Number of protein chains: 4
Amino acid sequence: MGYNVRLSVTCPDAKGLIAAVSSFISMHDGNILSADQYVNRESGRFLMRLEIEGEGFGLEREEFGAAFAPLARRHGMEWRVSFTDTPKKMAILVSRYDHCLIDLLWRWDAGELDAEIPLVVSNHPDLAGRVEAYGIPFFHLPVSRESRAEQEAQVLDLLSDHGVDFVVLARYMQILSPKFVSAYPDRILNIHHSFLPAFVGADPYRRAHDRGVKTIGATAHYVTEDLDAGPIVHQDVAHVTHRDTVDDLVRLGREVERRVLARSVRWHLEDRVLVDGHRTVVFE
Amino acid sequence: MGYNVRLSVTCPDAKGLIAAVSSFISMHDGNILSADQYVNRESGRFLMRLEIEGEGFGLEREEFGAAFAPLARRHGMEWRVSFTDTPKKMAILVSRYDHCLIDLLWRWDAGELDAEIPLVVSNHPDLAGRVEAYGIPFFHLPVSRESRAEQEAQVLDLLSDHGVDFVVLARYMQILSPKFVSAYPDRILNIHHSFLPAFVGADPYRRAHDRGVKTIGATAHYVTEDLDAGPIVHQDVAHVTHRDTVDDLVRLGREVERRVLARSVRWHLEDRVLVDGHRTVVFE
Amino acid sequence: MGYNVRLSVTCPDAKGLIAAVSSFISMHDGNILSADQYVNRESGRFLMRLEIEGEGFGLEREEFGAAFAPLARRHGMEWRVSFTDTPKKMAILVSRYDHCLIDLLWRWDAGELDAEIPLVVSNHPDLAGRVEAYGIPFFHLPVSRESRAEQEAQVLDLLSDHGVDFVVLARYMQILSPKFVSAYPDRILNIHHSFLPAFVGADPYRRAHDRGVKTIGATAHYVTEDLDAGPIVHQDVAHVTHRDTVDDLVRLGREVERRVLARSVRWHLEDRVLVDGHRTVVFE
Amino acid sequence: MGYNVRLSVTCPDAKGLIAAVSSFISMHDGNILSADQYVNRESGRFLMRLEIEGEGFGLEREEFGAAFAPLARRHGMEWRVSFTDTPKKMAILVSRYDHCLIDLLWRWDAGELDAEIPLVVSNHPDLAGRVEAYGIPFFHLPVSRESRAEQEAQVLDLLSDHGVDFVVLARYMQILSPKFVSAYPDRILNIHHSFLPAFVGADPYRRAHDRGVKTIGATAHYVTEDLDAGPIVHQDVAHVTHRDTVDDLVRLGREVERRVLARSVRWHLEDRVLVDGHRTVVFE
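Computed from a prediction, not measured in an experiment: that's the story for all the values here.

Here we take up the interface of chain C and chain A. Contact residues are listed per partner, giving 23 residues for chain C and 23 residues for chain A. Summed over both partners, the interface of chain C with chain A comes to about 2000 Å²; 35% of that surface belongs to carbon and sulfur atoms. Put simply, chain C and chain A have 14 salt bridges between them. Summed over the shared surface of chain C and chain A, the result is twelve residue pairs in polar contact (both at pLDDT 80 or more). Every element with two or more residues in the side of chain C that touches chain A is listed here: α3 (99-109) and α8 (246-269) of chain C. Tallied by class, residues from the side of chain C that touches chain A come to five nonpolar, one polar and 17 charged.

The subject of this paragraph is helix α2 (residues 61-75) of chain A. Residues and elements named next belong to chain A. Taking 1.5 Å as the rise per residue, α2 with 15 residues should run 21 Å; its terminal C-alpha atoms sit 22 Å apart, in good agreement. A maximum bend of about 40 degrees is found in α2 at A69, where proline P70 lies one to four positions downstream. Along α2, the residues that are buried comprise F64, F68, L71 and A72. Looking at the buried residues of α2, the elements they touch are β1 (4-12), α1 (17-27) and β4 (78-83).

Residue and element names in this part refer to chain A. When its domains are assigned, chain A resolves into domain 1 (4-83) and domain 2 (88-282). One C-alpha centre belongs to domain 1, the other to domain 2, and the line joining them spans 30 Å. Listed as interface residues are 13 residues of domain 1 and, on the opposing side, eleven residues of domain 2. Buried area between domain 1 and domain 2, both sides added, is near 880 Å², and the carbon and sulfur share of it is 43%.

Tracing the backbone through its elements, the reader meets R263 of chain C in helix α8. Taking the C-alpha atoms as reference, R263 of chain C lies 21 Å from N4 of chain C; in sequence the two are 259 residues apart. Not counting the four nearest positions on each side in its chain, R263 of chain C is found in contact with L252 and E255 of chain A together with H234 of chain C.

Bringing the relation of the copies chain C and chain D into the picture now. Taken as rigid bodies, chain C and chain D are interconverted by a rotation of 180 degrees and an axial shift of 0.0 Å, the fit giving an RMSD of 0.0 Å. The transformation relating the two chain copies, once decomposed into turn and shift, fits a two-fold axis. Judged by C-alpha distance, A198 of chain C is the residue of chain C that lies nearest the rotation axis, at 2.2 Å. The residues that chain C uses at the interface reappear at the interface of chain D in 97% of cases, marking a shared surface.

Take the relation of the copies chain C and chain A next. Rotating chain C by 180 degrees and translating it 0.0 Å along the rotation axis places it on chain A, where the RMSD comes to 0.0 Å. In this assembly the copies share their binding face: 100% of the residues contributing to the interface of chain C also contribute to that of chain A.

Turning our eyes to something else, we now look at the sheet that holds strand β11 (residues 232-239) of chain C. Residues and elements named next belong to chain C. Pairing in this open sheet of seven strands is mixed, and the strands run β7-β6-β5-β8-β9-β10-β11 from one edge to the other. A strand with exactly one partner marks an edge of an open sheet, and here the two such strands are β7 (138-140) and β11. Between one strand axis and the next, the sheet turns through 20 degrees on average, direction left out of account. Bridge count between strand β8 (residues 166-169) and strand β9 (residues 188-192): three bridges; the pairing is parallel. Across the sheet, L169 pairs through a bridge with N190, a residue of β9. The strands that helix α5 (residues 148-161) touches are β5 (88-94), β6 (115-122), β7 and β8; relative to β6, the one it contacts most, it runs at about 160 degrees.

Taken together, the contact between chain C and chain D spans 35 residues of the former and 34 residues of the latter. Our count for the chain C to chain D interface comes out at zero salt bridges. Counting the contacts that link chain C with chain D gives 22 residue pairs in polar contact (both at pLDDT 80 or more). Sorting the residues of the side of chain C that touches chain D by element identifies β2 (31-40), α7 (204-211), β11 and β13 (279-282) of chain C as the ones contributing at least two each. In terms of residue count, the dominant contributor to the side of chain C that touches chain D is β11 of chain C (seven residues). Its residues assigned to classes, the side of chain C that touches chain D comprises 14 nonpolar, eleven polar and ten charged.

To continue, consider the side chain of D36 of chain D. Topologically, D36 of chain D is positioned in strand β2 (residues 31-40). By relative accessible area, which is 5% here, D36 of chain D ends up buried. Once you skip the residues sitting within four places of it in the chain, D36 of chain D turns out to touch R243 of chain B together with L47, M48, R49 and F283 of chain D.

The next point concerns the packing of helix α3 (residues 99-109) of chain A against α8 of chain C. With their axes 13 Å apart at the nearest point, α3 of chain A and α8 of chain C run at an angle of 135 degrees to one another. The orientation of α3 of chain A relative to α8 of chain C falls into the category oblique. In this structure, α3 of chain A meets α8 of chain C at a crossing whose hand is right-handed. In this structure, α3 of chain A uses D103, W106 and R107 of chain A to contact α8 of chain C, whose residues at the interface are R254, E255 and R258 of chain C. Classifying every residue of the contact of α3 of chain A with α8 of chain C gives one nonpolar, no polar and five charged.

So, about the packing of aromatic side chains. Scanning the model with the defined rule gives 34 aromatic pairs over all chains in all. When the centroid spacing of 6.3 Å and the interplanar angle of 50 degrees are considered together, the rings of F57 of chain B and F64 of chain B count as tilted. The burial state of F57 of chain B is the same as that of F64 of chain B; both residues are buried. Summarising the aromatic geometry, the rings of F24 of chain C and F64 of chain C are spaced 6.0 Å apart at their centres and angled 90 degrees between planes, so their arrangement reads as edge-to-face. Taken as a pair, F24 of chain C in helix α1 (residues 17-27) and F64 of chain C in helix α2 (residues 61-75) lie far apart in primary sequence, 40 residues in all. Like F24 of chain C, the residue F64 of chain C is buried in the burial classification. Here a set of aromatic residues connected by ring pairs shows up, and it is made of F24, F57, F64, F68 and W79 of chain A.

According to the stated counting rule, one finds zero disulfides over all chains in the structure shown. Cysteine C100 of chain A shares no disulfide, and the gap to the nearest cysteine sulfur, in C100 of chain C, comes to 19 Å.

The UniProt record marks D228 of chain A with the feature "active site" (unreviewed entry), using the residue numbering of this structure. Looking at where D228 of chain A falls in the secondary structure, it is placed in the loop between β10 (215-222) and β11 (232-239). Ignoring any residue separated from it by four or fewer positions in sequence, one finds D228 of chain A in contact with H192, L196, V200, G201 and H221 of chain A together with R211 of chain B. Within the structure, D228 of chain A has its side chain in polar contact with the side chain of H192 of chain A (distance 3.4 Å).

Turning to helix α5 (residues 148-161) of chain A, a few remarks are in order. Residue and element names in this part refer to chain A. Its 14 residues give α5 an end-to-end C-alpha distance of 20 Å, which sits within 8% of 20 Å, the value for a rise of 1.5 Å per residue. For α5, the complete set of buried residues consists of Q151, E152, V155, L156, L158 and L159. Summarising the axial view, the buried residues of α5 lie within an arc of 160 degrees, below the 170-degree limit, and thus occupy one face. Set apart from the buried face of α5 by more than 90 degrees, the exposed residues are A149, E150, S160 and D161. Positive backbone phi, at 65 degrees, marks G163, one or two positions downstream of α5.

This next bit is on the pattern of salt bridges. Applying the stated rule across the entire model yields 96 salt bridges over all chains. For E112 of chain A, the salt bridge goes to R254 of chain C, with nearest N and O atoms at 2.8 Å. With E112 of chain A in the loop between α3 and β6 (115-122) and R254 of chain C in helix α8, the pair connects residues from two separate chains. Here E112 of chain A matches R254 of chain C in class, with each residue buried. Note that R206 of chain D and D210 of chain D form a salt bridge whose closest N and O atoms lie 3.8 Å from each other.

Thresholds, definitions, all that
Residues numbered from 1 in each chain as written. Chains lettered and ligands numbered in written order. Predicted model: local features only at pLDDT ≥ 70, side-chain atom pairs only at ≥ 80, totals over all residues. Heavy atoms only, no water. Contact = heavy atoms within 4.5 Å. Buried area = accessible area lost by both parts, 1.4 Å probe. Salt bridge = Lys/Arg side-chain N within 4 Å of Asp/Glu carboxyl O. Polar contact = N/O pair within 3.5 Å; in protein donor to acceptor, adjacent residues only side chain to side chain. Helix = DSSP H or I, 4+ residues; strand = E, 2+ residues; numbered from the N terminus. Nonpolar A, V, L, I, M, F, W, Y, C, P; charged D, E, K, R; others polar. Expected span 1.5 Å × (residues − 1). Bend = angle between axes of the 7 residues up to and from the residue. Buried < 20%, exposed > 50% of the residue type's maximum accessible area, 1.4 Å probe, protein only. Domains from an automatic or database assignment. Least-squares fit on C-alpha atoms with pLDDT ≥ 70 in both. Pairing = 2+ DSSP bridges. Axes fitted to C-alpha atoms, helices over the stretch in contact; angles between N-to-C directions. Parallel < 35°, antiparallel > 145°, perpendicular 65-115°, else oblique. Left-handed = near helix turned anticlockwise from the far one by under 90°. Phe/Tyr/Trp six-rings, centres within 6.5 Å; stacked < 30°, edge-to-face > 60°. Disulfide = S-S within 2.5 Å. UniProt positions renumbered as here; feature names shortened; annotations may be inferred. Arc of directions from axis to C-beta.

Right, here's the structure in full:
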């Protein structure tokens, strides 16, 4: 079966980096299907993403690391490699709102999202049926103020047991502790229902309505310890008018939320998002 | 020459308001060309805009007020009438950035904006040539921290002398005093270079870049004493990527700013914007 | 239980129409919640939509017709009344593509679409499970070139038996006969996967890709005898790049299709769409 | 003064192309500032764009060709090099509509467009003042049915005399002959006032209005012998409603036209557009 190799590289900028990496691939008979790079002039960081055809590539997947390591070391590279026939294991955390969840499940089922979904976890039981209809295990872990630390530990255990490497918060209405966040650095994606940094925090549609905005939005971002301040992956908006009530904003917002989240999830699954300080580089 | 009558009405909501107003028009043989209304259920306010053909209308313009007053009184209406052959007198205040100014002048010259522009005022001399090329008087009134109150008084005098009834801040980089603002309530339109309430205050593009947003925007709003918090008339956005520098955001933002401002100015000139508390109703 | 009355009116333009209709409502103690009107100057047609609070309105629903008829006759009005507690009966016709169907069902379930869905009909059996999960009867009526007339007759019978008053073609890959179309004039809504009139006919994404467009779109329109030429209700687009393959266009297009269709269905269900010749007036 | 070198390459796809080109640059101590590449799988073409820092690069500009030629020959490359301190010479052809012209001139003056504009040519005298206000020579070459060939020859002579390498048709209402087109292959950019392929030919706004579309658009494309069928560089749209008259469509369309044209001109000037058969690859 055919597969591609995806290589992401970040390092201090220097002359000859593209030549070094592409020559390495070429030397091993690799066919580069796509290459993207970006230099952040402010930070002096170089970021690159390559997709290489697996067929004909001279390095077996288990050999790649050892072969690439010396080059990486010389240039101070942080790097990551993935293989398209080994899809990421993506967990979805959800509460009661189902629109983002349903949309992700439909897209996954339609083949838009190249992932395994070993489980969905929720602090409410409501969406079990929806999830199980897709043959995906659903775990209900209720949470109260007192049980928060304990519930989080259970969630982390579940994720670990299922080998999860990417967590999507599809309107999960709980704030994650620093401990949780640090277990999945740059690998927890949240959808916030406003165009950040406007309306940080709770109830953004109500506040957008009160402010009388003519545009509402949604923001997908990686979760960091700092609430709603993580690196933004994608944003989009919808126009609204004075006729739109808070309920209308919620309805129109759902559409933006699911679109923004789905696109971001897809990019993450395809290793298109590189974190660059507190910003992201998205190689669309 | 043909003209239309534009009537805007705001009052407490009640049954029969549309019937009362439209029957009044009908009784005087008026042909209603367009009618828009909106009821704000939260505040219980009724807002309406009518456009009536002048030809055949039984009320001369100087008669209208006396004829309409009893009806208005009965329903507690605030109302405003204007005539399309008497365009508003619009002043433009500007500093050094010329993109919004040039765009407004071009549109005005092309017939998109139905206004007289008796003057442009600036605290810098740079744009005199641009303005005078359109045959519009340009006044340079420099301002320093010390002279602010005095300069504002001069500007107010100029506006008053020229019979101005609408002021556009086309990237005018001065904060207006409450006294100035209260001289033109809901009749000073500002363009802010962010999608408010994100990035209130100075240097929004720099801050947007630092935050790593994927969308920038612009907001046209009426000026109130509360900086950047006045009723929003229109907003729009542009998508940006990690490749866009602060300079790129400025460039892309200019396009959004001028589009948002121009559309808002046009709506204001056509009496399409009614202020409803700290929000606006826009009858597009 | 509270309900609203929706009245749509079309007639030759004349003075006093708004006054006549709103006074009629007022005379019967009706509270007008929203009023929209439009005059087509080219055709001289007047179009109006009113929403009236049922509570306190002096006309029972069975009385409305007789009471309104004389006024309607005097002005040559075509008119239509509906009651918000009697949702329309909407049938969905579908083939194999499920994205529009699923989206409509989800929105319906979420309360976004105020309709009954007595049945879904398909010429393929594939989507039975999806539909029945929502508790909606699914009818599989296969069709071949030879059986087309017969199958259509069966579909029409089913629709009639279920009292359907609105038909949505959610990517139904069959051309309807004039007979079918004439059974539901301006009440069959189709989603075409291009921004009409570009790419009329089959395989628009393939042709869009071949042409190298940078924008793809979708169009919701009422079905007339003239394929892809019926009155357009809504259109929207998505930007694409040279990197997007035909499959990518299909994927991105699905998102536009379902958004455009859902919004159009909602407008139809709320009686916001009036047909005006071969164009539509949409009172959003 | 600093400058960058821009290299564009097109050739049959093969393994090792990125390594070959980037190693060539690296060997000559070049610092690659940005690199983009694309492989068209259908045609098997490889397309690449590099931007290299001039400072420190070991190849003088007059040496580049000779040094790169052997590599190019080996891989069957078509290639093009440009230097950012030698801006392109861009001629603008215009008739009577001024919106695209004015916008381009304003952007050029604001530093958004890195070009020399040695002349503007028009078949009407109207816009001479506008152009000359920017210090740019304006040539009026009227044309009639009989004089078309002769006028075209004059235009070509003018362009040639001024060393023009890029021609922008900013609503130039004349059809260019194949001879003219072949003098500037893929270097004549036209703005068409519809989202092609909808409304090919004359009077698209009128036809859009008649069709009742809800979206209008504009298309920038390179001119080929085949009218309105050249490779598309960029497209964008605006939403319209039933209230918009043909004049409104024209007004709203002007905004889209100038935005689409300006962006396309900028991309061309920065060598970001590569023609790939009858499509374009745009390295934004």
